[in-house]
Amino acid sequence: MIKKYIFGKPLLKTYAVIEEVKAGEKLPYFQITHDHKIRFTCPLEEKDLVFGLGENTRGINKRPGLYISYNSDNPHHRDNTPSLYASHNFFVLDGRRHFGAFFDTPSKIKFEIDRNNSGEIKVSTANQNLEVYIIEGDDSYDISRQFLKIIGQSFLPPLWAFGFGQSRWGYKDQKDFETVMEKHRENDLPLDWICMDIDYMDRFIDFTINKQRFPDMQGFVDKTRKRGIHLVPIIDAGVKIEPGDPTYDEGVKNGYFCTNKDGKFFKAAVWPGMTHFPDFFRPEVRQWFGQRYKVLTDLGFEGFWNDMNEPSIFYSEYNKLRSLWHLSLNFYFPHSQDKAVDNDKKHDYHCFFNEVNGQKVKHHLVHNLYGGYMTMAASEELQKLLDRRFLLFSRSSYIGAHRYGGIWTGDNESLWEHLKLNICQMPGLNMCGFLYSGADTGGFGGKCDRELLLRWLAFSAFTPLMRNHAEKGSRRQECYSFGDTADFKSILDFRYHLIPYLYSEFMKAALNHDLLFKPLSFVFKDDERVRTIEDQLIVGDSIMVTPVIEKGATGRKVYLPQPMTEVRYDGKEFRCQKVEKGEREIKVALNEIVFYILKDKCLPIGKAARNTSELDLKDVYLLGDGKTYQQYLDDGYSRNVCPEKIRTINNK
Ligand code: MIG
């Protein structure tokens, strides 16, 4: 059962909830106090866990911790960093009582969960106008699914988006992209898509192509498609101030950009130099900006990633010094963000305006919706420009944006700690609707080594978005950059064997308002022990994954809440054995993947392929002791999806 409670007079209806929800009278579970902020407090019992909060840091269990929803570009985050690229304000309290709570506000909001042993959840925001949804149900899993239902169906990417994606900031011309393709082919490493980062553009101007570097982009896109590979260009939020450029000219002529306190277009520096930000809050601006993608769809592109849309700002017309100070503070004290975010009163986000229902509103009040609105702009117009499903993923988001695109988890680093974070983020992201997601595999910043990349790929092999991405100037981390590629081939081949299952489970989850990634306790409700397990996850209906996440480890300890089938893949074959319930010590070599099939379940395994265009989703065999598998099947690109496209495969 879901009820909503309205406080004050919210500025706007966010795009998060799309189903009608009845209003309740008195908010249960929380005590409310008002001063200059509104605070909601809820006592915690000793054994209560808190799940959710989407992309946020720390574990699957968010207790204890401080989380501040205020979309921030923060490549140096650590475990105690309160704000990342997204705002996902939904959590479930899991204990003797169960309830879910969604704090629907476009403004900054703080979640203190048993912070400093307070023994309570405290949610506070200076914007006292908001809606709170309370969801009651049988258990955390049920509550999460009820929430997924009211926020609407997740974005559905095409099948090729489940293939392996290679990316690196710094690939600059056609030759660089050809090298990636050739290296993959030479080494027999599968590949479905390559990201084009900002260097494909003319001086970082959105919807332009650098003609020197790509003399015939249309021909190149075409040729690449014939090899079964998609090129996926990036689009940044900031539009360069560049008279003569159509995006700039049209934006200025029609007054489509965010304004400053004098009513002029707000100026902020990002990659292209000084830019204006499209005011995505206005429907006509979204439609206009979304239609600008036509420049690229006309060249044959069918996939995009939207970046810098928090929006990220290097410095602005108001804050040159402060921003430089802020940047250097981040550089020298990467752990000090806690303060930096809290002291942002003079920040750029207080210096420009969005137009909300005809009224100028200070950006900081609606900040967390901006990136998601950019995703909506692109998605709604790409629907019109293309006749098939497209790939779209964004860096910044708010709940609701999951209906329009996927997200990646933003800039991370080549750290074992960030691999662990990636694992913990997945269930939370799924609880907030973001099914098509994944991290920069191998780490964006820092020095990735062979071992970390292999272990990370072995986990990413289960995430819908599987992309190796790295920062300009960092050590090369393509799968062919570490000498012998056989181990990498084994992991990437595994991914392609898994795609029939992954795609089918993804589509079923999206169409039935379900999660793909679940904490063990969502499935094994009566097993006390699984409640604190954070390095094993349930993926789909049939399997449990147990990634290796320690440096130098030759294997790991796993816990089985029931007897299962252990599956081991080493690049040659799948080997299965029945294993007992309880603890197990397993060896996992660098080229191997070990996972478990739940009791009475099975999964389809497909053939290896160089890319998804070679895959036949029907050509599968089953592993596990389940009697049947319900496979979702379609052509991988049509829009007319429906939950009935299921075939039953019998297990012999
Ligand atoms: O300030 O486009 O998160 O994936 O490679 C950095 C360059 C801008 C940030 C993105 C990252 C991308 C990079 N971008």
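All residue numbers refer to position in the chain's written sequence, counted from 1. Where local features are concerned, this predicted model is filtered to residues with pLDDT of at least 70; where side-chain atom pairs are given and counted, the filter is 80 or more; whole-chain, interface and lining totals use all residues. Side-chain descriptors were evaluated using all non-hydrogen atoms of the structure, hydrogens and water having been removed beforehand.

Draft legend 1. Representation of helix H10 (residues 370–385). Secondary structure elements follow DSSP: runs of H or I no shorter than four residues count as helices, runs of E no shorter than two count as strands, and numbering proceeds from the N terminus. Any helix carries an expected span of 1.5 Å times its number of residues minus one. Over its 16 residues, H10 extends 23 Å from the first C-alpha to the last, a length consistent with the 22 Å expected when each residue adds 1.5 Å. H10 sits mainly inside the fold: 12 of its 16 residues count as buried. Under the scheme applied here, a residue whose accessible area is under 20% of the maximum for its type counts as buried, over 50% as exposed, and between as partly exposed, the area being computed with a 1.4 Å probe on protein chains only.

Draft legend 2. Main features of the packing of helix H5 (residues 283–292) against H10. Put simply, H5 and H10 touch, their axes get as near as 8 Å, and they point 60° apart. Between H5 and H10, the angle falls in the class oblique. Considering only the axes of H5 and H10, their crossing is right-handed. Within the contact between the two elements, H5 uses Arg286, Gln287, Phe289, Gly290 and Gln291 and H10 uses Tyr373, Met374, Met376, Ala377, Ala378, Glu381, Lys384 and Leu385. Amino acids outside the nonpolar list (Ala, Val, Leu, Ile, Met, Phe, Trp, Tyr, Cys, Pro) and the charged list (Asp, Glu, Lys, Arg) are all regarded as polar, and Gly is one of them. Per-class residue counts for the contact of H5 with H10 are 7 nonpolar, 3 polar and 3 charged. Axis lines are fitted to C-alpha atoms, over the contacting stretch for helices. Their N-to-C directions set the angle, which ranges from 0 to 180 degrees. Roughly parallel means an angle under 35 degrees; roughly antiparallel, over 145; roughly perpendicular, 65 to 115; everything else is oblique. For any pair of crossing helices, the crossing counts as left-handed if the nearer helix is rotated counterclockwise from the farther one by less than a right angle, and right-handed if it is rotated clockwise. Every residue pair with non-hydrogen atoms within 4.5 Å of one another is taken to be in contact.

Draft legend 3. Representation of the nonpolar core within the structure. Counting 175 residues, the largest nonpolar core has Phe90, Tyr200, Met217 and Phe462 as its most contacted members. Once residues within four sequence positions are removed from consideration, Tyr200 is found in contact with Thr208, Ile209, Asn210, Phe214, Met217, Pro233, Ile234, Ile235 and Leu296. Side-chain atoms within 4.5 Å are what join buried Ala, Val, Leu, Ile, Met, Phe, Trp, Tyr and Cys residues into a set we call a nonpolar core.

Draft legend 4. Expanded view of the sheet that holds strand E22 (residues 391–394). In this scheme, strands are said to pair when DSSP sees at least two bridges between them. An order of E25-E24-E22-E18-E14-E13-E12-E27-E26 is seen for the 9 strands of this open sheet, with the pairing classed as parallel. Edge positions in the sheet fall to strand E25 (437–438) and strand E26 (440–441), since each has one partner strand and no second. Two strands pair when backbone bridges link them, and strand E13 (residues 193–196) and strand E14 (residues 230–236) are joined in this way by 4 bridges, in the parallel orientation. Its bridge partner lying in E14, Met196 is registered against Pro233. Contacts from H10 reach E14, strand E18 (303–307) and E22 within the one sheet, and its direction differs from that of E22 by about 170°.

Draft legend 5. Examining the sheet that holds strand E9 (residues 109–113) more closely. With antiparallel pairing, 5 strands are arranged side by side in an open sheet as E2-E3-E10-E9-E5. Each edge of the open sheet is held by one strand with a lone partner, namely strand E2 (31–34) and strand E5 (65–69). Recorded for the sheet is a direction-independent mean angle of 15° between the axes of neighbouring strands. In the sheet, E9 pairs with strand E10 (residues 120–125) via 4 bridges, with the strands oriented antiparallel. By the bridge assignment for E10, Lys110 is matched with Ser124.

Draft legend 6. Main features of unusual backbone geometry. For the bond from Arg63 to Pro64, the omega torsion is -5°, close enough to zero to count as cis. Here Pro64 lies in the loop between strand E4 (49–52) and E5. Between Glu310 and Pro311 the backbone carries a cis peptide bond, its omega angle lying at 0°. Its place among the elements puts Pro311 in the loop between E18 and strand E19 (315–316). The backbone of His513 shows a phi angle near 55°, a positive value even though the residue is not glycine. Tracing the backbone through its elements, the reader meets His513 in the loop between helix H13 (486–511) and strand E28 (517–518).

Draft legend 7. Seen up close, helix H3 (residues 217–226). Listed as buried for H3 are Met217, Phe220, Val221 and Thr224. Taken end-on, H3 shows its buried residues confined to a sector of 100°, consistent with a single buried face. A positive phi of about 85° marks Gly228, the residue just after H3. Arc, as used here, means the arc of the directions from the helix axis to the C-beta atoms.

Draft legend 8. Focus on the confidence of the model for the protein. Per-residue pLDDT for the protein has a mean of 96; in total, 96% of the residues score no lower than 70. Residue-level confidence of the predictor, termed pLDDT, takes values from 0 up to 100. For the stretch residues 337–343, pLDDT sits under 50, and the model shows 15 contacts to residues farther than four places along the chain or on other chains.

Draft legend 9. Fine view of the site of the ligand. Think of it this way: one heavy atom of a residue within 4 Å of a molecule or strand is enough to make that residue near it. Close contacts around the ligand come from 13 residues, with Asp197, Asp307, Arg395, Asp411 and His469 the closest. Asp307 places a polar side-chain atom, nitrogen or oxygen, 2.7 Å from a nitrogen atom of the ligand. Between an oxygen atom of the ligand and a side-chain N or O atom of Arg395, the distance comes to 2.9 Å. Areas reported as accessible are Shrake-Rupley estimates using a 1.4 Å probe. Residue values count occlusion only from the protein chains shown. For the ligand, whose accessible area on its own is 350 Å², the fraction buried by protein is 95%. When the residues that make up the shell around the ligand are grouped by side-chain class, the tally is 8 nonpolar, 1 polar and 4 charged. Pairs of N or O atoms are called polar contacts if they sit within 3.5 Å, as long as, within protein, a hydrogen donor faces a hydrogen acceptor (for residues adjacent in sequence, only side-chain-to-side-chain pairs).

Draft legend 10. Local environment of the packing of aromatic side chains. Ring pairs shown here join Phe, Tyr and Trp side chains whose ring centres sit within 6.5 Å, with only the six-membered ring taken for Trp; geometry is labelled stacked below 30 degrees between planes, edge-to-face above 60, and tilted in between. Per the counting criterion, the structure on display carries 60 aromatic pairs. A ring pair is formed by Tyr256 and Trp288, whose centres lie 4.9 Å apart and whose planes are at 40°; its orientation type is tilted. Here the residue Tyr256 occupies a position in the loop between helix H4 (246–254) and strand E16 (268–270), and Trp288 occupies one in helix H5, the gap between them amounting to 32 residues. Taking the relative accessible area as the measure of exposure, Tyr256 reaches 13% and is therefore buried. The class of Trp288 is buried, set by a relative accessible area of 10%. When the centroid spacing of 5.9 Å and the interplanar angle of 20° are considered together, the rings of Phe482 and Phe488 count as stacked. Classification of Phe488 as buried rests on a relative accessible area of 0%. Sitting over the face of the ring of Trp408, Arg467 holds its NZ or CZ atom 5.2 Å from the ring centroid. Criterion for a charge above a ring: Lys NZ or Arg CZ within 6 Å of the ring centre, and within 35 degrees of the ring normal.

Draft legend 11. Broad picture of empty space enclosed by the protein. Definitions used throughout: a 1 Å grid over protein atoms alone; a cavity as a set of points that fits a 1.4 Å probe which cannot get out; a pocket as an open set with protein on both sides within 12 Å along at least five of seven lines; a lining residue as one with an atom within 4 Å of a point. Grid points are joined across faces, edges and corners, and a volume is the space filled by probe spheres set on the points. With the rule as written, the count across this model stands at 6 cavities of 30 Å³ or more. As a volume, the largest cavity reaches approximately 110 Å³. Arg455, Ala458, Phe459, Phe462, Val545, Thr546, Pro547, Val548, Val588, Glu592, Ile593 and Val594 are the residues that line the largest cavity. Going through the elements one at a time, helix H12 (450–460) and strand E35 (593–597) are the ones with two or more residues in the lining of the largest cavity.

Draft legend 12. Inspection of the pattern of salt bridges at higher detail. In what follows, salt bridge is the name for a side-chain nitrogen of Lys or Arg lying within 4 Å of a carboxyl oxygen of Asp or Glu. Following the criterion strictly, the structure yields 42 salt bridges and no others. Residue Asp487 pairs with Arg450 through a salt bridge whose shortest N-O separation is 3.1 Å. One end of the pair, Asp487, is in helix H13; the other, Arg450, is in helix H12, and 37 residues separate them in sequence. The buried category is assigned to Asp487, whose relative accessible area is 19%. On the basis of relative accessibility, which here comes to 24%, the residue Arg450 falls in the partly exposed class. Glu614 is the salt-bridge partner of Arg610, the closest N and O atoms lying 3.1 Å from each other.

Draft legend 13. Focus on the pairing of E5. Taken across its 5 residues, E5 has 5 buried, putting it largely inside the fold. In E5, alternate side chains face the same way, and those of Gly65, Tyr67 and Ser69 on one face and Leu66 and Ile68 on the other are all buried. Sheet analysis places E5 next to E9, joined by 5 bridges and oriented antiparallel. Residue Leu66 lies in a different strand from E9, and its bridge partner there is Glu112.

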